[in-house]
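Coordinate analysis (summary)
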Protein chains: 4
Amino acid sequence: MEEFSKIRFESDYQEGCHPRVLERICNSNLEQTSGYGVDYHCENAANMIRNLIEKPDAQIFFLTGGTQANAAVIKHLLKPYEGVICASSGHINVHESGAIEATGHKVIALENSNGLLKPELLRNYLENFYSDPTFDHMVQPGLVYISNPSECGTVYSKKMLQDFRIICDKYNLKLFLDGARLGVALTSSENDLSARDIANFCDVFYFGGTKIGALFGEAVVFSNPKLAENFRFLMKQQGALLAKGRLLGVQFESLFENGRENLYYEIALRENAQALKIKRAFQEKGINLLYDSYTNQQFPILTQSQYDKLSRKFVFELWQRLDNGNLAARFCTSWATSDNNIKYLINAIKEL
Amino acid sequence: MEEFSKIRFESDYQEGCHPRVLERICNSNLEQTSGYGVDYHCENAANMIRNLIEKPDAQIFFLTGGTQANAAVIKHLLKPYEGVICASSGHINVHESGAIEATGHKVIALENSNGLLKPELLRNYLENFYSDPTFDHMVQPGLVYISNPSECGTVYSKKMLQDFRIICDKYNLKLFLDGARLGVALTSSENDLSARDIANFCDVFYFGGTKIGALFGEAVVFSNPKLAENFRFLMKQQGALLAKGRLLGVQFESLFENGRENLYYEIALRENAQALKIKRAFQEKGINLLYDSYTNQQFPILTQSQYDKLSRKFVFELWQRLDNGNLAARFCTSWATSDNNIKYLINAIKEL
Amino acid sequence: MEEFSKIRFESDYQEGCHPRVLERICNSNLEQTSGYGVDYHCENAANMIRNLIEKPDAQIFFLTGGTQANAAVIKHLLKPYEGVICASSGHINVHESGAIEATGHKVIALENSNGLLKPELLRNYLENFYSDPTFDHMVQPGLVYISNPSECGTVYSKKMLQDFRIICDKYNLKLFLDGARLGVALTSSENDLSARDIANFCDVFYFGGTKIGALFGEAVVFSNPKLAENFRFLMKQQGALLAKGRLLGVQFESLFENGRENLYYEIALRENAQALKIKRAFQEKGINLLYDSYTNQQFPILTQSQYDKLSRKFVFELWQRLDNGNLAARFCTSWATSDNNIKYLINAIKEL
Amino acid sequence: MEEFSKIRFESDYQEGCHPRVLERICNSNLEQTSGYGVDYHCENAANMIRNLIEKPDAQIFFLTGGTQANAAVIKHLLKPYEGVICASSGHINVHESGAIEATGHKVIALENSNGLLKPELLRNYLENFYSDPTFDHMVQPGLVYISNPSECGTVYSKKMLQDFRIICDKYNLKLFLDGARLGVALTSSENDLSARDIANFCDVFYFGGTKIGALFGEAVVFSNPKLAENFRFLMKQQGALLAKGRLLGVQFESLFENGRENLYYEIALRENAQALKIKRAFQEKGINLLYDSYTNQQFPILTQSQYDKLSRKFVFELWQRLDNGNLAARFCTSWATSDNNIKYLINAIKEL
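Just so it is clear, the structure is predicted and the values come from calculations on it, not from any experiment.

About the thresholds
- Residues numbered from 1 in each chain as written.
- Chains lettered and ligands numbered in written order.
- Predicted model: local features only at pLDDT ≥ 70, side-chain atom pairs only at ≥ 80, totals over all residues.
- Heavy atoms only, no water.
- Helix = DSSP H or I, 4+ residues; strand = E, 2+ residues; numbered from the N terminus.
- Rg over C-alpha atoms; globule rule 2.2 N^0.38 Å.
- Contact = heavy atoms within 4.5 Å.
- Areas by Shrake-Rupley, 256 points an atom, 1.4 Å probe, with all protein chains shown as cover.
- Lys, Arg positive; Asp, Glu negative; His and termini not counted.
- Charge placed at Lys NZ, Arg CZ, Asp CG, Glu CD.
- Disulfide = S-S within 2.5 Å.
- Buried < 20%, exposed > 50% of the residue type's maximum accessible area, 1.4 Å probe, protein only.
- Buried area = accessible area lost by both parts, 1.4 Å probe.
- Salt bridge = Lys/Arg side-chain N within 4 Å of Asp/Glu carboxyl O.
- Pairing = 2+ DSSP bridges.
- Axes fitted to C-alpha atoms, helices over the stretch in contact; angles between N-to-C directions.
- Least-squares fit on C-alpha atoms with pLDDT ≥ 70 in both.
- Polar contact = N/O pair within 3.5 Å; in protein donor to acceptor, adjacent residues only side chain to side chain.
- Parallel < 35°, antiparallel > 145°, perpendicular 65-115°, else oblique.
- Left-handed = near helix turned anticlockwise from the far one by under 90°.
- Nonpolar A, V, L, I, M, F, W, Y, C, P; charged D, E, K, R; others polar.

Quick word on the overall build of chain A
If you tally the helices and strands in chain A, you get 14 helices and 13 strands. For chain A, whose C-alpha radius of gyration is 20 Å, the value lies close to the compact-globule estimate of 20 Å for 352 residues. Seen through its principal axes, chain A has C-alpha atoms that stretch 60 × 55 × 40 Å. Contacts in chain A between residues far apart in sequence, at least 24 positions, make up 73% of those at least 6 positions apart. Carbon and sulfur atoms make up 46% of the accessible area of chain A, which amounts to about 12000 Å² in all. When the 37 positive and 41 negative side-chain charges of chain A are each reduced to one mean point, those points stand 2 Å apart.

Now the structure itself:
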């Protein structure tokens, strides 16, 4: 069971929500509103996001979690005989218990580069696919799925998204960006993309709230409003329409008011900053990292002994057993990661 | 859009949660716990429920909503060629946008009696089914689904559940009870069932939180723990595993502490009491009700003119257009329905 | 097990195929052709059908069976949140083991009138549906499915198909006609529809071969070629693309050469004629029929004693147990039903 | 369109069926039998197979094609949250248009070695899977799928099947062998497995008829009869229950009468022998083969010029474009491949 004496860096969903989000939930508790997300809080939050991405026609829906959002969007966008292309490390390919296949669609996994799908690899795949004389017995590509940041903490560049867009237009594919941690990508030191860029390049994407300050909630944005037609029917069918939907609106109002000076970015910036302190501590100790992440997940490569020592005081995730017996671990920061906890961890790293 | 000047009796999910639930969410906000429902709050809440139903081995899972719970449980319990039997008025047959069929299973709808499935009708169906020489080209019955209270506010008796159990045992069917509003059934004046009875008669059922004081959440109980095997895998696949799962545990702790003196029953009792005041007001005005409900939903039969008059001050649901031009409406009470709002409504009824 | 001493009227698929079909299979046996239905026999047979229905652009696909055809077409035409409307007696609702639901779609069953869906009932359903304020939580109607002849042997009139078309256009629905026995409908004495009418009124329909002289095979016709886009991908996915696809082409060449003087109609006419002899024999004996069928299925209402007597010499299907203890039986004729067997049956009926 | 002047080596389903199979279809054409595979021909054919594999309790079902058989068996054997493991080159992973995913299940593709799944790779995968702390968010392995011969013409050894069995028993997995071309594996010079071995090692497998002398048909064998429970219901649901099912029985009677001296092996032996003549011709010309196949598919590596020259007279399949610009082609033999056609091809190869 749980170990209460330890400090947790195991994931970015171990605490509740940012106090300003909680305050708004409390303040609105007695209001009477319509159910199922057609209330003024949801409309208000949607408008905040429309302003941020400068897409007044974007259609926005609030769902409670990432797997739910991924499955609903992918099912909505694909025809029965189409599949979704992603990096082999993509969350939909690895950690969603087959949620996409459960909707009837193949996940077509291409090799990943530190968690990223390389546009040239995608182009290559598509060229081979359509020159294969048996392509009509194969799952047809319908959609490209990318995560930004990737599951390895790495981020996509503007150039890569431009390339994806060109490829998708050429091959009549849709582009879907999983933004479960989008805030930490957009506020990372390596990032050259704006929220507006994301909206321009992608057909659909989402701003994840669960990992950036909300109790739960993902704001799914259809940049192309035509693609959103009847998405609410599908949400209901997938069990993804929250009865007290205004809870999602209220939380996203907290996160997205005040334009670019929003709480969402503020939290994300801080998550990155705390994570980079951890990264530096490992680097200063001479401990390498599996990926060069500038976002809120860090992946130090530890010897068994280092791993065990840190495990005595901290909870973190075993990411990968390496061939040489070393262990890649994952440390995450969240909106709640305190300076004190960071200090304890850094001290422990120093003492390794 | 929404009409803020009106008082809402449209559904039982128009406000947030009971203050004691909210308080507990706030108090636990900074705690660090494991994700995905394997935290001590969930374990604690599960134990409270196990005690209440006197089933120490029951397996309990917390999901966010009713459609999600229904689809996950039904998919889990059925083989691919099996279907689920329910009353034609059953929520899964009418108001879940095909969520059950989306998992591949037919909903076999039998006639309803004021929202209830009659055991004799079920028995009849099964006798006919198995004496039909073409039954092997038909969907095999695998599961019986009932809602208590029904979608019409009516409740099942102990005798009816006993009969269902006997029939299900005879025909090797499972029995699943949708308890989205289970509290108001168990505390209704017409009820002769205990929570323990429910657990004894049903293979799986749930205590719905969304409509009885929680922000969201349904506690799915597998009375027979063997049937629960690997249900968590399915929850994840269905997008029904909340990342910050402890939110569900925390809410159900609030609702189910103190045994039978729990907040869940307290709220439910009050919902029923407020609803019966509305019922009486209609009856005293000589307005009939579509169903004889003693729970938190009431269905007065209004003339168009009465309907319009009430609509000026109140929001409520149009339930059914009757052949004579009258309109059956639905009025719901919730944990938050104030004495004042009831008074306003009763006065308006008197003035019709 | 099987009873070889008895004469069978149990179904219309108890013998092999018409000798002219078999001859063509034998004659083409050594030919080398492409697989999967892109051979010249299939193209040739498709052209014969295009000529018959006077639709040069129709897209035609050959599948092996009716359930396969129904599931593939319905899955192809519906969006995930849509369902298919049919008469409660419709084959997809009763006798396909949930094949449609297995593709994720609800079968919305409306009351049947002797196996037929009445246009006014459909209109009524749709009016109610769209005036229901909760329609957005319900399965959206996407497609109307009718069988001609119906499962009860009855046929649709031109007026009814016109009405369906008007309704479908108004509500943006597609119309799909299951023609597993289409030949016997089109050649029935009650019929006022041509194959061209069927193609004009319906978006998709099929000429069933299995029950009208072929070893197996259904020719699915998309009158509207746009709807056919990528249907082959779906056929492959559904396991409905026969490797030696030319077998289907060869059989439909046999059945559809010579325009309206085709073997398909010739066989169908004879099936009807033989069935009507049976019908008359029952009527002359004073035995009523459950439906007034003029096609190859007849449904006499027998006492238990009459049923038992006939069962000693003949195999036929128990269709329905009536409340008064009588039994409705089904007798089918096929391309192979011999005059001798008809004579034996008629004699046995006379002796009842 | 088709090129009639060329000789076809494109696949093993370009002609009809073996004359002895056709003769039996013709001879039985007028018989009246039950539909849907419960006739005496099917029972008789099943018994022939039971005798051959020495499993009197085996449950045997006849389906029309391989994709259909694969999807039905896999859907039947897996729980909703389970996936099927196979070699990346496996037919279900590449050439079935997502038929498996359409039933809701992930295909977990592991690296292939000339088309084969290596037992050590499987063991490795499973060890890693169960030592991954996040395995409960991943698709659970439920079944191992292998094709014998593989899609590359290579065959499994007895030792490999033994190893698979041990691994499957250890990890509680089922083993399913796709035998679309099983005859050519069992009669190949490299084979050390008997049909009985196959039945002993695998839970389910099939003898494919389509590619070995039948018009169509796959005989699915459940060595473990318990696993077969209710499989017929699933067949019907999948559209895989042929109405005139006796056609399958009749064909398999032709193929499997006379024990080990059966026509199935006779045809397969000849297919291999003809294919090896082609192989030798390429080798003698100094042309390498992509895989070292001893079965009825051969994969020569041709220069573009060689490819074009052969294409003028023969139809064959482009298998793979190699990095150096060369082209791997596929040549197949069938029951009908004549000595003359082989001679023409060999001459053409010599002239390259």
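Now, onward.
What to know about the state of the cysteines
Residue and element names in this part refer to chain A. With the rule as written, the count across this model stands at zero disulfides over all chains. Here Cys 202 stays unpaired: no disulfide links it, and the sulfur of Cys 168, its closest cysteine neighbor, is 8.8 Å away. A relative accessible area of 3% places Cys 202 in the buried class.

Quick word on the interface of chain C and chain A
One widely used convention gives an interface's size as the accessible area the parts lose upon coming together. Taken together, the contact pairs 18 residues of chain C with 17 residues of chain A. Interface area, chain C with chain A, both sides summed: about 1500 Å², of which 64% is carbon and sulfur. When the area that chain C buries against chain A is broken down by residue, the three leading residues are Tyr 81, His 137 and Phe 233 of chain C, summing to 43%. Linking chain C with chain A are two salt bridges, by the criterion used here. Measuring nitrogen to oxygen at the nearest pair gives 3.3 Å for the salt bridge that ties Asp 136 of chain C to Arg 232 of chain A. Of all the secondary structure elements, the ones that give two or more residues to the side of chain C that touches chain A are α3 (66–77) and α10 (231–237) of chain C. Here the side of chain C that touches chain A takes five residues from α10 of chain C, the largest share from any one element.

Some words on the sheet that holds strand β5 (residues 140–147) of chain A
Residue and element names in this part refer to chain A. If you trace the seven strands from one edge of the open sheet to the other, you get β2-β8-β7-β6-β5-β3-β4, paired in mixed fashion. Unpaired on one side and paired on the other, β2 (59–63) and β4 (107–110) mark the two borders of the sheet. Taking each pair of neighbouring strands and ignoring which way they run, the sheet shows an average axis angle of 25 degrees. As paired elements, β5 and strand β6 (residues 174–178) share five bridges and run parallel to each other. The residue of β6 that forms the bridge with Ile 146 is Leu 177. Lying on the sheet, helix α6 (residues 119–131) is in contact with β3 (82–87), β4 and β5; it crosses β5 at an angle near 170 degrees. Of the strands in this sheet, β2, β7 (204–208) and β8 (218–222) are in contact with helix α11 (residues 246–256), which crosses β2 at around 115 degrees.

What to know about the relation of the copies chain B and chain A
Once turned by 180 degrees and shifted 0.0 Å along the axis, chain B lies on chain A with an RMSD of 0.0 Å. The operation mapping one copy onto its partner corresponds to a two-fold rotation axis. An overlap of 100% is found between the interface residues of chain B and their copies at the interface of chain A, pointing to a shared contact surface.

Let's talk about the environment of Ala 195 of chain C
Residue and element names in this part refer to chain C. Its place among the elements puts Ala 195 in helix α9 (residues 195–201). Residue class for Ala 195 comes out buried when judged on its relative accessible area of 6%. For the pair Ala 195 and Arg 260, spaced 65 residues apart in sequence, the C-alpha separation works out to 9.5 Å. Residues in contact with Ala 195, not counting those within four places in the same chain, are Leu 52, Ile 53, Leu 186, Phe 207 and Tyr 265.

Notes on the interface of chain B and chain A
Each partner contributes residues to the interface: chain B has 50 residues there, and chain A has 50 residues. Both faces considered, chain B and chain A share a buried interface measuring about 4400 Å² in area, 54% of it formed by carbon and sulfur atoms. Its largest share of buried area at the contact with chain A, chain B owes to Tyr 13, Gln 32 and Lys 244 of chain B, together 17% of the area lost on that side. Summed over the shared surface of chain B and chain A, the result is zero salt bridges. For the interface between chain B and chain A, the tally reads 26 residue pairs in polar contact (both at pLDDT 80 or more). Broken down by secondary-structure element, the contributors of at least two residues to the side of chain B that touches chain A are β1 (7–8), α1 (19–27), α3 (66–77), α5 (99–102), α10 (231–237) and α11 (246–256) of chain B.

Comments concerning the packing of helix α11 (residues 263–284) of chain D against helix α13 (residues 339–350) of chain D
Residue and element names in this part refer to chain D. Packing of α11 against α13 leaves a shortest axis separation of 9 Å and a crossing angle of 15 degrees. It follows from the interaxial angle that α11 and α13 lie roughly parallel. For the element pair α11 and α13, the recorded crossing hand is right-handed. In this structure, α11 uses Arg 270, Gln 274, Lys 277, Ile 278, Ala 281 and Phe 282 to contact α13, whose residues at the interface are Asp 339, Ile 342, Leu 345, Ile 346 and Ile 349. For the contact of α11 with α13, a count of residues per class yields seven nonpolar, one polar and three charged.

Regarding the pattern of salt bridges
Summed over all chains, the structure comprises 72 salt bridges over all chains. The residue Arg 196 of chain B makes a salt bridge to Glu 54 of chain B at a minimum N-O spacing of 3.1 Å. Of this pair, Arg 196 of chain B sits in helix α9 (residues 195–201) while Glu 54 of chain B sits in the loop between α2 (40–53) and β2 (59–63); the two residues are 142 residues apart in sequence, bridging distant segments of the chain. Here Lys 159 of chain C and Asp 163 of chain C are joined by a salt bridge, their closest N and O atoms 2.8 Å apart. Residue Lys 159 of chain C and its partner Asp 163 of chain C are located together in helix α7 (residues 158–171), separated by four residues, close to a single helical turn. Taken together, the shared-partner salt bridges connect Arg 24, Glu 253 and Glu 257 of chain A into one network.

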